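Breakdown of the fold
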Amino acid sequence: MTAQRRKNTSVGLDESEILQRGLEAFAELGYEATTMRELARRLGVSHNFIHDRYGSKSAFWRAVVDFALAGVQEERDELLARHSDDADRLEWVVRQLYRMAAAASDLNRLIADESTRDSDRLDYLHRLFIKPFWDSIEPTVSALAQVGKAPDVPSHVLYFALIGPALALAQNPIVDRIDPAAAPVAEQDRDRIADALADVVLRGLLPEPPASAL
């Protein structure tokens, strides 16, 4: 190992801090505008650090996404196993999704941004997060549609109905302009905002009012 590589390995941040700062950079700037130099500046390391430790910017991006999504699907599977009624399962999964989106704003911004581009990164997000989510909830939505308890529409329409509002939770600047009399969104109770949005969406999908929040 070279002296430069040893120097790069000994940074003043632990792995989770490195990945969190990477997540913040990609969320704020987007993948293309997040240069190796900018990452090095935010991490306080040499320009070669990302290449030496992760191999490339794209590999670092994947490590960031793996870090940000760790445990998400396991939590969702556990939630689904807790409820046998399809309407209940849909409700709690939607609430969990929106709460996660509201709390993890950097991850939400990254997903929202990457969802507009046809790229290998979107393929990675689809494989790691979007497809597992949809595969876990689609049978529930289909069962509800078959008995007339949910709209019988194409899958992509339901995807827009469920995921679109979650991605919108990353749009704090425009919301602050729409409702300037309220406190800045970032300072509000994010769970309360997520649950209020879930209520609106669920009232459109299910005939019965949604149950109380988590």
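Anything mentioned here points back to the structure above.
Let us look at the structure shown here. Just so you know, these numbers come straight off a predicted model, no measurement behind them.

1. Quick word on the packing of helix H9 (residues 120-146) against helix H10 (residues 155-168)
At their nearest, the axes of H9 and H10 sit 12 Å apart, and the two run at 110 degrees to each other. Here H9 is positioned roughly perpendicular relative to H10, judged by the angle of their axes. Across from Ile-130, Phe-133, Trp-134 and Val-141 in H9, the residues of H10 making contact are Ser-155, Leu-158, Tyr-159, Leu-162 and Ile-163. Residues of the contact of H9 with H10, tallied by class, amount to eight nonpolar, one polar and no charged.

2. Description of the layout of surface pockets
Considered as a void within the structure, the largest pocket measures approximately 230 Å³ in volume. Lining the largest pocket are 15 residues; nearest its centre among them are Leu-169, Val-175, Val-185, Gln-188 and Ile-193. Mapped onto the lining of the largest pocket, the elements with two or more residues apiece are H10, helix H11 (172-178) and helix H12 (190-205). Of the residues assigned to the lining of the largest pocket, the class counts are nine nonpolar, three polar and three charged.

3. Brief notes about empty space enclosed by the protein
All chains considered together, the criterion is met by two cavities of 30 Å³ or more. The computed volume of the largest cavity comes to approximately 70 Å³. Taken together, Leu-97, Met-100, Ala-101, Asn-108, Ile-111, Phe-129, Ile-163, Ala-166 and Leu-167 make up the full set of residues lining the largest cavity. For the lining of the largest cavity, the secondary structure elements donating two or more residues are helix H7 (86-103), helix H8 (105-114) and H10. Its residues assigned to classes, the lining of the largest cavity comprises eight nonpolar, one polar and no charged. Quantified by volume, the second largest cavity comes out at close to 40 Å³. If you trace the second largest cavity, you find it lined by Ile-111, Ser-115, Phe-129, Ile-130, Tyr-159, Ile-163 and Leu-167. Here the lining of the second largest cavity is composed, by residue class, of six nonpolar, one polar and no charged.

4. Remarks on the packing of H8 against H9
Two elements in contact, H8 and H9, have axes separated by 9 Å at closest approach and are oriented at 125 degrees. As the angle between them shows, H8 and H9 are arranged oblique. For the pair H8 and H9, the sense of crossing is left-handed. Listed contacts from H9 to Leu-110, Ile-111 and Glu-114 of H8 are Arg-121, Leu-122, Leu-125 and Phe-129. Split into classes, the residues belonging to the contact of H8 with H9 amount to five nonpolar, no polar and two charged.

5. Quick word on the packing of aromatic side chains
Evaluation of the coordinates by the stated rule reveals seven aromatic pairs. Look at Trp-134 and Tyr-159: their rings are 6.0 Å apart centre to centre, the planes differ by 75 degrees, and that puts the pair in the edge-to-face class. Highlighted residues: Trp-134 in helix H9 and Tyr-159 in helix H10, separated in sequence by 25 residues. Since its relative accessible area comes to 13%, Trp-134 is described here as buried. Sitting over the face of the ring of Tyr-31, Lys-57 holds its NZ or CZ atom 4.2 Å from the ring centroid.

6. Some thoughts on the pattern of salt bridges
This structure, assessed with the given rule, holds 13 salt bridges. For the salt bridge of Glu-15 with Arg-53, the shortest nitrogen-to-oxygen distance reads 2.8 Å. Of this pair, Glu-15 sits in helix H2 (residues 15-29) while Arg-53 sits in helix H4 (residues 49-54), placing them 38 residues apart in sequence. When its relative accessible area of 37% is taken as the criterion, Glu-15 is described as partly exposed. In this structure, Asp-199 engages Arg-95 in a salt bridge whose closest nitrogen and oxygen atoms are separated by 2.7 Å. Residue Asp-199 is located in helix H12, and its partner Arg-95 is located in helix H7; the two are separated by 104 residues in the primary sequence. Note on Asp-199: relative accessible area 25%, which makes it partly exposed. By relative accessible area, which is 1% here, Arg-95 ends up buried.

Basis of the calculations
- Residues numbered from 1 in each chain as written.
- Predicted model: local features only at pLDDT ≥ 70, side-chain atom pairs only at ≥ 80, totals over all residues.
- Heavy atoms only, no water.
- Axes fitted to C-alpha atoms, helices over the stretch in contact; angles between N-to-C directions.
- Helix = DSSP H or I, 4+ residues; strand = E, 2+ residues; numbered from the N terminus.
- Parallel < 35°, antiparallel > 145°, perpendicular 65-115°, else oblique.
- Contact = heavy atoms within 4.5 Å.
- Nonpolar A, V, L, I, M, F, W, Y, C, P; charged D, E, K, R; others polar.
- 1 Å grid on protein atoms, 1.4 Å probe; cavity = no way out; pocket = protein on both sides within 12 Å on 5 of 7 lines; lining within 4 Å.
- Points joined across faces, edges and corners; volume = space filled by probe spheres on them.
- Left-handed = near helix turned anticlockwise from the far one by under 90°.
- Phe/Tyr/Trp six-rings, centres within 6.5 Å; stacked < 30°, edge-to-face > 60°.
- Buried < 20%, exposed > 50% of the residue type's maximum accessible area, 1.4 Å probe, protein only.
- Lys NZ or Arg CZ within 6 Å of the ring centre and 35° of its normal.
- Salt bridge = Lys/Arg side-chain N within 4 Å of Asp/Glu carboxyl O.

By themselves, these observations are geometric and do not establish any function.
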